[in-house]
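# Observations on the three-dimensional arrangement
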Amino acid sequence: MQIRYFSLALLATIFFSFCSCEDEVIVPNPPSNSANIIMPLGASRVEGARPAFESYRYELWKLLVDGGWDFDYIGTRDDEANYPSYAEQSFDLDHEGRGGWTSGQILGGIEDWLVQAGTPDIVLFSSPGGNDALQNRSYEQAIANINGIIDALQAANPEITILIEQLAPAVESAMTGDLLTYFESLQADVVTIASEQTTDQSTVIVVDMATGFTDEFLADDVHYNEAGARFIADRYYTNLVQVLE
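Here is a short report on the structure shown in this document. (Residues numbered from 1 in each chain as written. Predicted model: local features only at pLDDT ≥ 70, side-chain atom pairs only at ≥ 80, totals over all residues. Heavy atoms only, no water.)

Turning to the pattern of salt bridges, a few remarks are in order. Applying the stated criterion across every chain, the model contains 6 salt bridges. With a closest N to O distance of 2.9 Å, glutamate 54 and arginine 50 form a salt bridge. Owing to a relative accessible area of 27%, arginine 50 belongs among the partly exposed residues under this scheme. Between aspartate 79 and arginine 57 there is a salt bridge, with the nearest N and O atoms lying 2.4 Å from each other. (Salt bridge = Lys/Arg side-chain N within 4 Å of Asp/Glu carboxyl O. Buried < 20%, exposed > 50% of the residue type's maximum accessible area, 1.4 Å probe, protein only.)

Proteins that are soluble and globular tend to have nonpolar side chains buried together. Among the nonpolar cores identified, the biggest contains 71 residues, and Leu41 and Leu60 are the most heavily contacted of them. The biggest single contributor to this core is helix α6 (residues 139–156), with 8 residues. In contact with leucine 41, other than residues within four places in its own chain, are Val46, Glu96, Ile106, Ile110, Trp113, Val123, Leu124, Phe125, Ser126, Ile149 and Leu153. (Core = buried A, V, L, I, M, F, W, Y, C linked by side-chain atoms within 4.5 Å. Helix = DSSP H or I, 4+ residues; strand = E, 2+ residues; numbered from the N terminus. Contact = heavy atoms within 4.5 Å.)

A separate point is helix α4 (residues 103–117). Maximal helix bending in α4 amounts to about 45°, located at isoleucine 110. Elements that come into contact with the buried residues of α4 comprise β1 (36–42), β4 (94–97), α5 (130–134) and α6. Glycine 118 sits one or two residues past α4 and shows a positive phi near 105°. (Bend = angle between axes of the 7 residues up to and from the residue.)

That is the geometry; function is a separate question.
Structure, rendered in C-alpha cells:
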C-alpha cells in the first residue's frame, strides 16, 4: 500500500531524541538465571521520562511481582528516574527503549543489543513503526524493518515469544488524514506479520493496545500518563500469563 506522509511538528518534537552514532565497545552483561527473561523493546513509550510521562514497565513489573513470577527485565539501557520500591523490592530498571528511534534504527542495533544484554525468552515489542510515521519514513520499509527485527530475535533464540503491539493511538485530534491511514494500515499488517512470523517453535502474539485507549491515558500528544501506563501494562500481563514459565 502506498501511503502519503505528513509532518506533525509537535509530535515529532515530543518523540525525537538525539542518538549517538559512534561505535560502542560491546561488553556482554552477566547472563540472567531467571525463568522468564523479558526484553521491553521500542522507543520512548518503553523508555519513559518521569515525571513528564510514564513507561508501562513499572506498572507491569508490579503485576509480575504480585503474580509471584520468576522474571528479569533485560536491556542495555537503565532508567534514571525514581521509582518507589514495591513489596520490599526495587524496580528492575533494565530495558531497550530509545526515544525517537525508528524501526530502521532499532533493526540496525538489535543484534548488538542482544549480544550485550543477553538473549530474552520474551520480547515486548512496543509501538512498532510509530516514529516512522512521525518522521515521514516509508511505510513499506517500516513493515520490512519490523519483520527484520523479528527475524533477528528469532535467530538469537529460535524458541522466543514475541508480544507485538497494535499500538495505542496518539491524541484524538491528531488522528486524521495520513496519520490515521498509517495507523489503521499498521494495525491490520501487525496481525499479518504475527501470523507469518510464528513458527513451530516461536510464537508472535498480537496485543491490542488500541481498543479502549482514550486521550485520558495520555500525558501529552503521544506518551502515557500513569493511568495509560497501567492500561498498557494490564494488556501485556493478560497475554504474558499464558506464556510465562
